[in-house]
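Residue strings, one per chain:
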Amino acid sequence: MTNSNRALRIIITGLVQGVGFRPFISRLAKEFKLRGYVRNIGGGEVELWIEGPENVLYEFIAELFYEKPPPAIIEYVFSEEEHICGYTDFNIEVSGEKTYVRSNIPPDLAMCKNCLEEILDKENKRYMYPFNSCAWCGPRFSMIYKIPYDRENTSMNKYKLCSDCMREYTDPANTRRYHAQGISCPRDGPRIMLLDKNFERVDCNDPILMAAKLIDEGYIVGVKGLGGYHIAALATDDEVVLELRRRKRRPNKPFAIMGLDTTVLSKLVYIDYEDEVLLNSPQAPILLLPKRPESPVSKYVSPGLAHEGVFVAYTPLHYILLLNTRDKFLIMTSGNVSGEPMCKDEDCAKIKLSKIADYFLVHDREIVNRVDDSVIRKTGGNYVILRRSRGFAPAWITIPFNLSREYIAFGGDLDNVGGIGFENRVVLTQYIGDLDSLEAQEDLVKYLEFLVKNYHIGMNNKPIVVVDKHPRLYSRTLGLLYSNVNRLGFIEVQHHYAHVLSTAIDLEIKGELVGLAIDGLGWGDDNTIWGGEVLLFNTEKYGYKRIASLKQLPLTSDRDTYIPIRIFSSYLTMEGYEWIEIKKLLESMGTPTSKLYEAFASHILITQKKYTLASSTGRLIDMVMAIIDPNIERTYEGEPAIKLEALGSSGGLIDVNDYVVISDNGILKLDYRGLVNWVLESRTKYDPHTLAKSFLYSFGLALGDLITCSIKGFRIDGVVLGGGAAVNEFIYMGLYERLREEDLMPNLPRKIPLGDGGLALGQIIAADLLIKSGKV
């Protein structure tokens, strides 16, 4: 290799905007004595031009990968030789609007240890500064209007840098603040204030200290954070927790607890090394961990559950607030009215949160994009995402092939997440939530359009809209309306096919696969409700074959999902029981009178043949929970199933093999009635914990048998799981044990949620396979 001077134009894609990448490139180029420039360009990528000796150029490129900033992710480096322009220095240039290739929009990043050290250093100008950030941490997506990621394209644009901050911003030797777009200091940054419930300013010297004092006195405080409002309250005071539940109209759904750090949290929950790493990661998610028996947290924070949702203070504002409280941990739950999206501005907070919070700790930096906290748990010893949002979204997911078109997917109705697809990328929105509210529906369209605009979807060919097949879903209605207004074609994708395809693509498992989709409901090809399906499919071809399912349960109305004893009454009626027999059985179980009325109503509907058949895993689990606790109600999504798993966490284990696999109209079906009867007959013999664990584990074994029986004669390259019920630890345990006997492994997704939050990925892949098949 010669040492003659050469010039290269390089495009770098990945997570390279908003993570200090251009300052890093500038410093590195100067170290190598190279000349040229670096700049952000419109697709979210970075362009650089370098001139210098050929051997030095290639050493420079190699060093890019070894010395990059901690949050940066380099996916591709495209380079081409150019004519030398004769640059005499290396500079960071003004960003360009032209898009060469698309790149990641940066997600928000938790406070780094360097920024934490600064806010704790009394000699530092940013001592106790609640908005400290640098190139390695702080708000990104939540404050972006558009890409490229430059200060003028964010809500930090209105804060003009003081002379000290400008000096840092323009100093190439300042590793963390040279051209770091979100930096500020007490002289030039956002302002914080304390407001009462009428949004009148509270006169105080230090709003954060006063807010901490008020919380310690038992007041409930709304906190404007990174991606929206939190509601903060004492987690150790029963009366405060119950009052918060009353105000939020949230009788049972667990609250998350934010701790100052993992040392504080370790007094509340069991934390191992990997948990600590994840909690302290740039994503800093809420992590569900086993409660310590000696934890001082009120039993009303997460009633009836074995795990606590905990996370660390991921912004300086949260950290300073917690530092000044007595407990060093607080309830930190979403600032929203039940069933609606989290508030992100003062207008929303004043209208919707003033009946919940007594005071509000607010700042004047605009939250452009709402971003909820991400939630993760463990299943089978591996981390599984329940909610993919702050810290993860909207970073893209790379898929192992190129899409033939561009797509806009609308996901499902529960825990909604939409997405777009282009090239070999799928970009999912942040967590939107359930689409019952108009606000959530508007958010879905808003954030899909944000992605469409910033990733230049439809510039060359019109994208295709992808929706769920269920005729009554809000997401489907929105998608079809969007398709009609924008004159776009649309494709329908079956719910459970999208689930298992999502997992396969997430894990890059190719070939002929069997997928087990277990959840509450999805619209089946036979116009019934599905929710416990074994599908045979190929990741390289469109389509699937339903080879096995659960024996169907009768559902009389949506009310069955809220009052599970209705399902049990319907089940008994279908089994031939008369009402007098059902009533006697329910009374012997301790069923309250109000629930007897519900049971009678569903019994009558069954006798009148007013029901829908459903192979629903979710409703089966709900029914079993109702047998153990006839008074159970669903006050939040998945509550009976979550509580059944929680019961099982302290139970003994009895292997119950009382189930059969039968053939019915060309597919195999799991007849689980023996398992249900065992739970019913064993109520006085075993404690509820043992009943719960044994049923769930045995049901997992039964699902394993269903799979092994149904794939006989097929060559299978792997087993993938999808649907919200697959996160259940004991179902997974039984499934794993049974499949291991056949040298098979049940695979859970790693980068997307198991539930409907991962649905959009599978919808996009299914639509593309259909397009490639030439069938549309």
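Now for a quick tour of the structure. (Residues numbered from 1 in each chain as written. Predicted model: local features only at pLDDT ≥ 70, side-chain atom pairs only at ≥ 80, totals over all residues. Heavy atoms only, no water.)

### Notes on the sheet that holds strand E11 (residues 307-312)
Then comes step 1: With mixed pairing, 10 strands are arranged side by side in an open sheet as E6-E13-E7-E8-E12-E9-E11-E10-E14-E15. Edge positions in the sheet fall to strand E6 (192-196) and strand E15 (382-387), since each has one partner strand and no second. Within the sheet, the average angular offset between the axes of one strand and its neighbour, ignoring direction, is 35°.
Then comes step 2: Direction of pairing for strand E10 (residues 286-290) relative to strand E14 (residues 375-379): parallel, over a ladder of 2 bridges. Across the sheet, Ile286 pairs through a bridge with Val375, a residue of E14.
Then comes step 3: Across the sheet, helix H6 (residues 238-248) touches strand E8 (229-233) and strand E12 (329-334), and the angle it forms with E12 is around 5°. (Pairing = 2+ DSSP bridges. Helix = DSSP H or I, 4+ residues; strand = E, 2+ residues; numbered from the N terminus. Axes fitted to C-alpha atoms, helices over the stretch in contact; angles between N-to-C directions. Contact = heavy atoms within 4.5 Å.)

### A closer look at empty space enclosed by the protein
Then comes step 1: Inspection of the entire model under this criterion finds 3 cavities of 30 Å³ or more.
Then comes step 2: Counted as a void, the largest cavity has a volume near 150 Å³.
Then comes step 3: Taken together, 18 residues form the lining of the largest cavity, with Pro139, Leu226, Thr315, Pro316 and Arg365 sitting closest to its centre.
Then comes step 4: Residues belonging to the lining of the largest cavity are distributed by class as follows: 11 nonpolar, 6 polar and 1 charged. (1 Å grid on protein atoms, 1.4 Å probe; cavity = no way out; pocket = protein on both sides within 12 Å on 5 of 7 lines; lining within 4 Å. Points joined across faces, edges and corners; volume = space filled by probe spheres on them. Nonpolar A, V, L, I, M, F, W, Y, C, P; charged D, E, K, R; others polar.)

### Re the state of the cysteines
Then comes step 1: Applying the stated criterion across every chain yields a total of 1 disulfide.
Then comes step 2: The disulfide bridge from Cys343 ends at Cys348, spanning 2.0 Å between sulfur atoms. Handedness of the Cys343-Cys348 disulfide follows from its S-S torsion of about -60°: it is left-handed.
Then comes step 3: Given a relative accessible area of 1%, Cys343 falls into the buried group.
Then comes step 4: With no disulfide of its own, Cys165 has Cys185 as its nearest cysteine by sulfur position, at a separation of 3.6 Å. (Disulfide = S-S within 2.5 Å. Buried < 20%, exposed > 50% of the residue type's maximum accessible area, 1.4 Å probe, protein only.)

### Section: the layout of surface pockets
Then comes step 1: By volume, the second largest pocket is sized at about 540 Å³.
Then comes step 2: Around the second largest pocket, the lining is made up of 26 residues, and of these Ile73, Gln283, Gly391, Phe392 and Lys751 lie nearest the centre.
Then comes step 3: Breaking the lining of the second largest pocket down by element, the ones donating at least two residues are strand E4 (73-82), E15 and strand E16 (397-398).
Then comes step 4: Sort the elements by how many residues they give to the lining of the second largest pocket and E15 lands first, with 3 residues.
Then comes step 5: When the residues that make up the lining of the second largest pocket are grouped by side-chain class, the tally is 17 nonpolar, 4 polar and 5 charged.

### Remarks on unusual backbone geometry
Then comes step 1: Geometrically, the link from Ile147 to Pro148 is a cis peptide bond, its omega value of 10° lying close to zero.
Then comes step 2: Note that Pro148 resides in the loop between helix H3 (113-120) and helix H4 (163-169).
Then comes step 3: Cis peptide bonds are those with omega within 30 degrees of zero, and the linkage from Ala393 to Pro394 qualifies with 5°.
Then comes step 4: For Pro394, the location among the structural elements is in the loop between E15 and E16.
Then comes step 5: Residue Asp415 is not a glycine yet carries a positive backbone phi of 50°.
Then comes step 6: Examined against the element boundaries, Asp415 turns out to sit in the loop between strand E17 (407-409) and strand E18 (419-422).

### A word on helix H12 (residues 474-485)
Then comes step 1: Look at H12: 16 Å from first C-alpha to last across 12 residues, which is about the 16 Å you get at 1.5 Å a residue.
Then comes step 2: Regarding H12, the residues found buried are Ser475, Arg476, Leu478, Gly479, Tyr482 and Ser483. Seen along its axis, H12 keeps its buried residues to an arc of 165°; they face one direction. The exposed residues of H12 that point more than 90 degrees off its buried face are Asn484 and Val485.
Then comes step 3: Against E17, helix H11 (438-454), strand E20 (464-468) and strand E21 (490-493) lie the buried residues of H12.
Then comes step 4: A positive phi of about 55° marks Arg487, the residue just after H12. (Expected span 1.5 Å × (residues − 1). Arc of directions from axis to C-beta.)

### Regarding the pairing of strand E24 (residues 544-550)
Then comes step 1: Extensive coverage of E24 is indicated by the burial of 5 of its 7 residues.
Then comes step 2: Two strands pair when backbone bridges link them, and strand E23 (residues 529-538) and E24 are joined in this way by 5 bridges, in the antiparallel orientation. Bridge pairing links Leu536 to Lys545 in E24.
Then comes step 3: A loop of 5 residues connects E23 with E24, the two strands running antiparallel in sequence, and Gly543 in this loop sits at a positive phi of about 115°.
Then comes step 4: As paired elements, E24 and strand E28 (residues 667-671) share 3 bridges and run parallel to each other. Counterpart to Leu550 in the pairing with E28 is Leu670.

### Quick look at the pairing of strand E27 (residues 660-664)
Then comes step 1: Where E27 meets E28, 5 bridges bridge the pair, whose relative direction is antiparallel. Residue Asp664 lies in a different strand from E28, and its bridge partner there is Ile667.
Then comes step 2: Remark: 2 residues form the turn of the hairpin made by E27 and E28, two consecutive strands paired antiparallel; Asn665 in that turn has positive phi of roughly 55°.

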